[in-house]
Amino acid sequence: AATRFDGQLIMAPAKALGQFARGVRATRGLAQADTMVACCRCSGLPPTRHFPEGARAFGHHSLRFRQQARSLPPSLSAGGREGSLAPAYCKLSGSDRSASARCYAAKGFLKELQELKESGEREDRRLKKQKQKGKKAKAKAKAFGSRQKASTAIEYESPLEVLLYPHPKLRAANLTVTDFDENLASFATELFEVMYETDGIGLAAPQVGVNVRVMVYNPTGEASEKDQEVVLVNPRYVNKSKGQTLFEEGCLSFPEIMGDVKRPKSIVVEAQDLKGDTFRLELEGLEARIFQHEYDHLEGVLFHDRMHPNVLKEVTAKLQALEGKFESENPGVAYQGV
């Protein structure tokens, strides 16, 4: 194809020429681009009519020509050699510029179109495959509802024991669980056993020195009430109520320490069960508070962190006593104190 612009003759394939026409309109404006006249030529054939209307008409014509050429069978030929510079010839009938009356395609042009199409399809498949791999890797690394890395397997030693403040594992990051096997089920069972032995109603994995995102609770605190037991793996918040309540809390990792903590009255949460299936709970009252307390443990947050300064001041002496005991039993071990 050829076009003449400002006295210069430009030869290029029709596709490139269409892009050139769009570039002229973009940089010089349509008024100046109207001085462009253009024609399409196939090897050995006379040119089509000029387009005195300018680059816009030629751009539309070139686009229609390329679209129609894609649908032609390979047997059609304009007599041009393969790979020729202008591998097609289009002619408009009369003044009708909305469609081509005749369109012939050379073998080289169809071959080029086919190669472009196959190349595009291969690239689409590659990108799709790469995207799927990325999603799988991301899911494996982050898993359900967590910003922490994944845990391949839960490692723990029986019998489990509750760690007391200020043990550093209570502040450590907790990994997302990705293996839903018998080991996970056994671990959950032992969590309940320790919770009942220590007269608790909730317990999180980091409280027994296992830094994974697992928590259990039973609002009745009774081992006989098995139907009230709840196991939450990789829990996360969905919604929290704006209304909050103040309630006195205790913690198995803080023996004989109590304090008022303000928390949302009701919450909606999601988690996975021991099989890896996702479920949702709408909690309020005591159950909502238990969940929030144990979820804080999974985030490395302890209940005295949420106390009002005046309340914290009342329990500071007891907290420091626990810190002193830990230092004497674990000399040289760093921890976060009050």
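Refer to the preceding data block for the structure.
Here is what the cut-offs are and how they apply
Residues numbered from 1 in each chain as written. Predicted model: local features only at pLDDT ≥ 70, side-chain atom pairs only at ≥ 80, totals over all residues. Heavy atoms only, no water. Pairing = 2+ DSSP bridges. Helix = DSSP H or I, 4+ residues; strand = E, 2+ residues; numbered from the N terminus. Axes fitted to C-alpha atoms, helices over the stretch in contact; angles between N-to-C directions. Contact = heavy atoms within 4.5 Å. Salt bridge = Lys/Arg side-chain N within 4 Å of Asp/Glu carboxyl O. Buried < 20%, exposed > 50% of the residue type's maximum accessible area, 1.4 Å probe, protein only.

**Student:** Hey, could you run me through the pairing of strand 12 (residues 254-264) in this one?
**Tutor:** Regular strands show a simple pattern: their side chains alternate between the two faces of the sheet. In this structure, strand 11 (residues 244-251) lies alongside strand 12, joined through eight bridges in antiparallel fashion. Bridge pairing in strand 12 places Thr245 opposite Arg263.

**Student:** Is there a simple way to think about the sheet that holds strand 9 (residues 214-217) in this case?
**Tutor:** In a beta sheet, neighbouring strands are held together by backbone hydrogen bonds and run either parallel or antiparallel to one another. Pairing within the open sheet is antiparallel, and its five strands lie in the order 8-9-10-13-14. Single-partner strands in this sheet number two, and they are strand 8 (202-204) and strand 14 (278-284). When the angles between neighbouring strand axes are averaged without regard to direction, this sheet yields 40°. Pairing analysis gives five bridges linking strand 10 (residues 230-240) to strand 13 (residues 266-272), with the strands arranged antiparallel. Considered in strand 13, the bridge of Val233 is made with Gln272. Strands strand 8, strand 9 and strand 10 of the sheet are contacted by helix 5 (residues 182-197), whose axis makes an angle of about 45° with strand 9.

**Student:** Any chance you could explain the pattern of salt bridges here in plain terms?
**Tutor:** Where side chains of opposite charge bring their charged atoms close, a pairing between them can arise. According to the stated counting rule, one finds ten salt bridges in the structure shown. Across the pair Arg126 and Glu123 runs a salt bridge, and its minimum N-O distance is 2.6 Å. Of this pair, Arg126 and Glu123 both sit in helix 4 (residues 107-142), three residues apart, which is roughly one turn of that helix. Look at Glu123 and you get partly exposed, because its relative accessible area is 35%. Between Glu299 and Arg213 there is a salt bridge, with the nearest N and O atoms lying 2.7 Å from each other. Separated by 86 residues along the polypeptide, Glu299 in the loop between helix 6 (285-298) and helix 7 (309-329) and Arg213 in the loop between strand 8 and strand 9 bring together distant segments of the chain. In this structure Arg213 comes out as buried when scored by relative accessible area, which is 3%. What you see here is one network of salt bridges that share partners, running through Glu249, Arg263, Arg289, Asp296 and Arg306.

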